[in-house]
Amino acid sequence: MTSLRRIALIGNSLPRRCGIATFTTDLQRAISASRPDLETCIVAMTDRGQAYDYPPAVAFQIKDDNVEDYLRAADFLNAGRFDTVCLQHEFGIFGGEAGAHILPLLARLTMPVVTTLHTVLANPSAKQRAVMERIVDASSKVVVMANKARELLRSVYLVPDDKIEVIAHGIPDVAFAGPDAAKARLGFDGKSVILTFGLLSPNKGVEVMIDAMPSILKHRANAVYVVLGATHPNLVRDQGEAYRESLMARVRELGVEDHVVFLDRFVDQATLLEFISMCDVYVTPYLNEAQMTSGTLAYSFGLGKAVVSTPYWHARELLTDGCGVLVPFGDAAAIGGEIAKLLTDDARRQEMGQRAYAMSRMMTWERTAERYMSAFEAARQGHRLKVFARPDSGAPEPRGPAAPVMQIGHFMTMCDDIGLFQHAVQSVPDRSHGYCVDDNARALLLACALNNPGEQALPEILTTRFAAFVQHAWNPDIRRFRNFMGFNRTWLEDRGSEDSHGRTLWALGEAARGDASPSRRRWATDLFAQALSTAESFSSPRAWAFMLLGLDAYCTVAPDDLHAREVRHALADRLMSCLASVETPDWVWFEEGLAYDNARLPQALMLTGMTTQTPQYRDAGLRSLRWLMTQQTSVAGHFRPVGTGSFGEQRQHPRAFDQQPVEATATIAACLTAWRADGDAEWKTMAMRAFGWFLGSNDLSVALVDPHTGSCRDGLHPDRANENRGGESVVCYLLGLAEIRQLARVNTSLNKPTALRAVGV
């Protein structure tokens, strides 16, 4: 049984790139049809902010020239726990020189990538070669559609053979039929129809086919040449419709106006298939051989059409054994002669079409989807082996303590059939203090974090209990979450604090995006939307920060919720106002004093800045976190979280004690967010330093965690560790550990810790 559950395709579904658009959407539909249990979606490219009507499968959009969008897409895919990403690569789709903007996205992904190369250049420029090599290196498998492409990958790019899969371009599985019915529907009844389809541009060789029309008409006076497709948008942008007008002028010069029809429009797949069905001969008169893939050639071949083509690479492989006719490049006489022969020899033309149809049955989208699913599964298995492989002895040591194994024994001990207990007496759960939504929301965050690749998911029943606790905490009468519950299952209040409400929204947002259960994801999405409006009036900066963290996740699954997007900007603006009103050169902070969960404030601003493309949010978050880290670093250089003794003091250097796990966990997450925001590897070092606090790199040189059970002491007093090991502490440790383990997986997958910065992440 396959382990695959969620698959994403990166390509586009836009008319400006008809071939890749059709391929991407067709492959997505074919996979969904062959495996209805799978969740599939498309991450689509768009032209510099232009608006298009996207099909429902498009879950995320990237403006091709905006690097931040590529990073946001990577975060969306990682958070969505996709098992495999299938990249559709073609030159000209992605932004940057030679499409280099795609590289930061690939470097950031934590799951295996299977890349379909629609073009493989025999003589790439230096930049094209560099980008292609980086894409191949980041891919577990590369798929090409022709054996010629396999040869070039081996000889030009030195790709090992076991990394390459040859999978034919898919075709619709439709019955073989003659052209007459379609001709009648489209207004070409009684005509001998020659068809070319695609975005109009000079490399398509349409002028050669126009030059051939007079000789064809001598043999078949009712012949008509249909040129279906809009002018390439890049050509329109640079030259307007000059090329199309030159073709029309050529038609007039040759006197064949009644026999050449230009249909200047984009068409959907159903319309395209109708036009192919009505043609007698399909022609691809491309001008050079370096055409590795032609979707329209594959579709015409698969519908059983007689094809006349120049010998570009794809055509040379497909049109063998009497399945089509090849003619020299740019030779109007040859192309005219072959088409005339086919139009005047019905038996030969029909036999050629039937042969092509029979040969194409292994290319149907159903078969293509099966081949891709096998490639995805092989990539998934290979990725697992890579993630868990022991590093080479010569690999550089990680900076900071190595991350322990994820142990959840003590965490399980702290749970019962209600949820997570608040406190413990040493390692024994303390029933007298009952439960709180704060800790159960944190536990739901942990459940989402452990759904990431390389981790063992929590037992389903446990995640359900945390979700049920959150649901039960919701007080619909006043639209607030309760917080504290006694061991007797009685709520001790009708509403909790603003901070507990905000933290619960955060957990719901992450569950909406990352829960393993589709049903729970829908539940979390609905409850988040209900609980958000009440929280708009909150005055706590930490509640705002928790809500922003939740909104970062929620808005990826509910991108059309305009109200949520407005609230996100409003909350970020409030934090910015706080910073502006308090900040001085010596005190770069949002409040007059430091309290708990401090690093969540800059983290929320950085995330919001990256996802909304608001640089001032990101920069304010980086600036305030950088200052906070100066306050949380001891003279000896180890991490020293803000002690609880500082709470309430204004503009004072923080007191050292008592130190609590919540600060270390918040700092780890914030530093890794900062690393993703500006690419400075020093943030990774600071995250490792904060995690080292758990393992004994602290003021007392005392380890707070038991690596065998996963328990975590409640903090550090001036003279000793707090031996109690409550719910908040264990969840904070495990959340921090999950972050560090994910960082280690990213570094391992890239083989060297500095690789991410090199591509601009």
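Conventions used here
- Residues numbered from 1 in each chain as written.
- Predicted model: local features only at pLDDT ≥ 70, side-chain atom pairs only at ≥ 80, totals over all residues.
- Heavy atoms only, no water.
- Helix = DSSP H or I, 4+ residues; strand = E, 2+ residues; numbered from the N terminus.
- Contact = heavy atoms within 4.5 Å.
- pLDDT = per-residue confidence, 0-100.
- Pairing = 2+ DSSP bridges.
- Axes fitted to C-alpha atoms, helices over the stretch in contact; angles between N-to-C directions.
- Phe/Tyr/Trp six-rings, centres within 6.5 Å; stacked < 30°, edge-to-face > 60°.
- Buried < 20%, exposed > 50% of the residue type's maximum accessible area, 1.4 Å probe, protein only.
- Parallel < 35°, antiparallel > 145°, perpendicular 65-115°, else oblique.
- Left-handed = near helix turned anticlockwise from the far one by under 90°.
- Nonpolar A, V, L, I, M, F, W, Y, C, P; charged D, E, K, R; others polar.
- Expected span 1.5 Å × (residues − 1).
- Polar contact = N/O pair within 3.5 Å; in protein donor to acceptor, adjacent residues only side chain to side chain.
- Core = buried A, V, L, I, M, F, W, Y, C linked by side-chain atoms within 4.5 Å.
- Arc of directions from axis to C-beta.

### Regarding the environment of Thr504
Inference 1: Along the chain, Thr504 falls in helix H19 (residues 498-514).
Inference 2: Between the C-alpha atoms of Thr504 and Trp474, which are 30 residues apart in sequence, the distance is 9.9 Å.
Inference 3: When sequence neighbours within four positions are dropped, the list of residues in contact with Thr504 reads Val437, Ala441, Val470 and Phe481.

### A few points about the confidence of the model for the protein
Inference 1: Looking at the protein as a whole, its pLDDT mean stands at 89, while 93% of the residues score no less than 70.
Inference 2: In this model, residues 48-52 is a region of pLDDT below 50 whose contacts with residues beyond four sequence positions or in other chains number nine contacts.
Inference 3: With pLDDT under 50 throughout, residues 749-761 is counted as low confidence; its partners more than four residues away or in other chains account for 30 contacts.

### Let's talk about the sheet that holds strand E7 (residues 164-166)
Inference 1: Strands sit in the order E3-E2-E1-E4-E5-E6-E7 across an open sheet of seven strands; the sheet is parallel. The open sheet has two free edges, formed respectively by strand E3 (58-63) and E7, since each of these has just one partner strand. Direction aside, the axes of adjacent strands within the sheet are offset by 20° on average.
Inference 2: Pairing analysis gives six bridges linking strand E1 (residues 6-11) to strand E2 (residues 39-46), with the strands arranged parallel. Bridge pairing in E2 links Gly11 to Ala44.

### Thoughts on the packing of aromatic side chains
A ring pair, where both rings are aromatic, is described by two values, the distance of the centres and the angle of the planes.
Inference 1: All told, the structure shown has 22 aromatic pairs when counted by the stated rule.
Inference 2: Between Phe421 and Tyr435 the ring centres are 5.0 Å apart and the planes differ by 15°, which places this aromatic pair in the stacked class. You can see Phe421 sitting in strand E14 (residues 421-425) and its partner Tyr435 sitting in strand E15 (residues 428-436), a full 14 residues away along the chain.
Inference 3: Residue class for Phe421 comes out buried when judged on its relative accessible area of 4%.

### Concerning the packing of helix H25 (residues 661-678) against helix H26 (residues 682-695)
Inference 1: Taken N-terminus to C-terminus, the directions of H25 and H26 make an angle of 165°; their axes are 8 Å apart at the nearest point. Taken together, H25 and H26 sit at an angle that is classed as roughly antiparallel. At the point where H25 passes H26, the crossing takes the left-handed sense. Along its contact with H25, which presents Pro661, Ala664, Thr665, Thr667, Ile668, Cys671, Leu672, Ala674, Trp675 and Asp678, the element H26 presents Trp683, Lys684, Met686, Ala687, Ala690, Phe691, Trp693 and Phe694.
Inference 2: When its residues are assigned to classes, the contact of H25 with H26 shows 14 nonpolar, two polar and two charged.

### Quick word on helix H24 (residues 615-631)
Inference 1: Along its 17 residues, H24 runs 25 Å from first to last C-alpha, staying within 8% of the 24 Å computed at 1.5 Å per residue.
Inference 2: The set of residues buried in H24 consists of Tyr617, Arg618, Ala620, Gly621, Leu622, Ser624, Leu625, Trp627, Leu628, Met629 and Gln631.
Inference 3: Of the surrounding secondary structure, the elements contacted by the buried residues of H24 are helix H2 (67-79), helix H22 (562-582), helix H23 (600-612), H25 and H26.

### Quick look at the side chain of Arg713
Inference 1: Considering the arrangement of structural elements, one finds Arg713 in the loop between strand E20 (711-712) and strand E21 (715-716).
Inference 2: A distance of 2.8 Å separates the side chain of Arg713 from the backbone oxygen of Ala703, its partner in a polar contact.
Inference 3: Arg713 has contacts with Pro661, Ala703, Leu704, Val705, Ala721, Asn722, Glu723, Asn724, Arg725 and Ser729, leaving out every residue within four places of it along the chain.

### A short note on the nonpolar core
Inference 1: Ranked by internal contacts, the top residues of the largest apolar core, which has 113 residues, are Phe411, Phe466, Leu551, Leu625, Trp683 and Phe694.
Inference 2: Looking at which element gives the most residues to this core, the answer is helix H21 (residues 541-557), with ten residues.
Inference 3: Leu27, Leu272, Ala315 and Trp365 belong to the second-largest nonpolar core, a separate cluster that totals 51 residues.

### Things to note about H22
Inference 1: Here H22 spans 31 Å end to end across 21 residues, near enough to the 30 Å set by a 1.5 Å rise per residue.
Inference 2: Looking at H22, one finds that the buried residues are Ala564, Val567, Arg568, Leu571, Ala572, Leu575, Cys578, Leu579 and Val582. The buried residues of H22 occupy an angular sector of 130° when projected down its axis, which confines them to one face. H22 presents Leu562, Glu566, Ala580 and Ser581 as exposed residues on the side facing more than 90 degrees away from its buried surface.

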